[in-house]
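So the chains spell out like this:
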Amino acid sequence: MLLSDPATLAACAVAVILVGMAKGGFSGLGALGTPVAALVLPPSIAAAILLPILIVQDVVSVWSFRHAWDKWIVGWMLPGAVVGIGIGWAIAASVDEKALMGVLGGITLLFGLYRLWIERGNRVVAASTSPGWVGALFGMATGFTSQVAHAGGPPFQMWVTPRKLPHLTYAGTNSILFAAINWLKVPSYVMLGAFTHDVLVAAALLVPLAIVTTLISVRVVRVLKPERFYTIIYLLMVMLGGKLMIDSL
């Protein structure tokens, strides 16, 4: 069994907790899930184990935030995400995943620092009003990085966080969009034969932890003050970006 080794079990448990926190509203942390699991497993197997878990967590997060999400944002980002998933599927064999994560980490780090700087001292910053076609481009980046390494959170954050949505609407929009994206990734994983018996057994064993972590994170997000929520998101982006850059080096 894939999880028979204690080190493998521990790393996968940490990965599931990270993606559970992301599904619960702390968008972006999920990008660390595959790299952490890949410390003890081949990246393709790590990604395959996490996808069924992500789908189960999507059920919890979508149900929790079903009344608070932005249809306009999802409507613009999802078509771009479909294109990005297709590109990621087509060129998966030639993508240097480590280099991609390093670039993504650098951009995420700089963006997080920039937002913390302009909003320092609780400064009021006007919400972004960038047009929908820009969201479609970020949706493409979201779909591509999600297909390659379940790391679609940072591109989503870069377009959506500056729009200053109510924090529960932000969490709900994240939940709905990535629930759709994760189902769109399933056919490529099936065609690649990624869902072996051992992979599915490992995923099933980790599902209870995934559900509990997501539910706890949802509860924490619900009681957070909106201004504190966005500060936490930007801090997480800085830490996430730094971690991805270090891993790539």
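All values derive from a computational prediction rather than experimental measurement.

Quick look at the overall build of the chain
What the chain contains, in helices and strands, is ten helices and zero strands. By the compact-globule yardstick of 18 Å for 249 residues, the chain fits well, its C-alpha radius of gyration being 17 Å. If one aligns the C-alpha atoms of the chain with their principal axes, the spans along those axes are about 50 × 35 × 35 Å. Taken across its 249 residues, the chain has 54% of its residues classed as buried. If you take every contact in the chain between residues at least 6 apart in sequence, the share linking residues at least 24 apart comes to 86%. Taken as a whole, the chain presents about 11,100 Å² of accessible surface, with 74% of it coming from carbon and sulfur.

Let's talk about unusual backbone geometry
Not every positive phi belongs to a glycine, and K164 is a case in point at roughly 55°. With respect to the helices, strands and loops of the structure, K164 is situated in the loop between α7 (153-160) and α8 (167-191). What makes K164 partly exposed here is its relative accessible area of 28%.

Quick word on α7
Since one α-helical turn is 3.6 residues long, residues separated by three or four positions face the same way. Of all eight residues making up α7, eight are buried, and the element is well covered by its neighbours. Every buried residue of α7 is accounted for by G153, P154, P155, F156, Q157, M158, W159 and V160. In this fold, the buried residues of α7 make contact with α4 (71-90), α5 (97-118), α6 (132-149), α8 and α10 (226-248).

Points about the packing of aromatic side chains
Two aromatic rings, taken as a pair, are described by how far apart their centres are and by the angle between their planes. If you walk through the whole model with that rule in mind, you get five aromatic pairs. Judged by centre distance (5.7 Å) and plane angle (70°), the ring pair of F156 and F178 falls under edge-to-face. Note that F156 is positioned in helix α7 and F178 in helix α8, a separation of 22 residues in sequence. According to the relative accessible area criterion, F156 is buried, its value standing at 0%. Connected via pairs of aromatic rings, a cluster forms that spans W72, W76 and W159. The ring of W69 carries K71 above its face, with NZ or CZ at 4.8 Å from the centroid. If you follow R163 out to its NZ or CZ, it ends over the ring of W159, 4.7 Å from the centre.

Remarks on the side chain of R163
The residue R163 is located in the loop between α7 and α8 in this model. Within the buried core, R163 has no salt-bridge partner, and the shortest N-O distance to an opposite charge, that of D70, equals 6.2 Å. Side-chain polar atoms of R163 contact the backbone oxygen of S130, separated by 3.1 Å. For R163, the residues in contact, after removing those within four places along its chain, are W72, I73, A127, S128, T129 and S130.

What to know about the environment of Q147
By the secondary structure assignment, Q147 is in helix α6. Of the residues examined, Q147 reaches a relative accessible area of 7% and is grouped as buried. Separated by 43 residues in sequence, Q147 and L104 have C-alpha atoms that sit 14 Å apart. Those residues in contact with Q147, other than ones at most four positions away along the chain, are I85, G88, W89, K185, S188 and Y189. Within polar-contact distance, the side chain of Q147 engages the side chain of S188 at 3.0 Å.

As for the UniProt feature "transmembrane region" (unreviewed entry) in the chain
Here, the residues flagged by UniProt with the feature "transmembrane region" (unreviewed entry) are residues 38-60, 72-93, 99-117, 124-145, 196-217 and 229-246. End C-alpha atoms of residues 99-117 are separated by 27 Å, and the span's content is 100% helix alongside 0% strand. In the segment residues 196-217, helix accounts for 95% and strand for 0%; the C-alpha atoms at its two ends are 30 Å apart.

Focus: the nonpolar core
Of all hydrophobic cores here, the largest spans 67 residues; its most connected members are I49, I53, V160 and Y170. Leave out the neighbours within four places in its chain, and V160 touches I73, M77, L165 and Y170.

Focus: α10
Compared with the 33 Å implied by 1.5 Å per residue over 23 residues, the 33 Å span of α10 between its first and last C-alpha is a close match. Where α10 is buried, its residues contact α2 (33-37), α5, α7, α8 and α9 (197-223).

Regarding a nonpolar patch on the surface
Side chains of W72, W76, V83, I87, I91, W133, L137 and M140 sit close together on the surface and give an oily, nonpolar patch of about 750 Å² of accessible area. When you line up the elements, V83 lands in helix α4. Of the residues examined, V83 reaches a relative accessible area of 41% and is grouped as partly exposed.

Criteria and thresholds
- Residues numbered from 1 in each chain as written.
- Predicted model: local features only at pLDDT ≥ 70, side-chain atom pairs only at ≥ 80, totals over all residues.
- Heavy atoms only, no water.
- Helix = DSSP H or I, 4+ residues; strand = E, 2+ residues; numbered from the N terminus.
- Rg over C-alpha atoms; globule rule 2.2 N^0.38 Å.
- Buried < 20%, exposed > 50% of the residue type's maximum accessible area, 1.4 Å probe, protein only.
- Contact = heavy atoms within 4.5 Å.
- Areas by Shrake-Rupley, 256 points an atom, 1.4 Å probe, with all protein chains shown as cover.
- Phe/Tyr/Trp six-rings, centres within 6.5 Å; stacked < 30°, edge-to-face > 60°.
- Lys NZ or Arg CZ within 6 Å of the ring centre and 35° of its normal.
- Lys, Arg positive; Asp, Glu negative; His and termini not counted.
- Salt bridge = Lys/Arg side-chain N within 4 Å of Asp/Glu carboxyl O.
- Polar contact = N/O pair within 3.5 Å; in protein donor to acceptor, adjacent residues only side chain to side chain.
- UniProt positions renumbered as here; feature names shortened; annotations may be inferred.
- Core = buried A, V, L, I, M, F, W, Y, C linked by side-chain atoms within 4.5 Å.
- Expected span 1.5 Å × (residues − 1).
- Patch = residues over 30% accessible without salt bridge, like charges linked within 9 Å, V, L, I, M, F, W, Y side chains within 5 Å.

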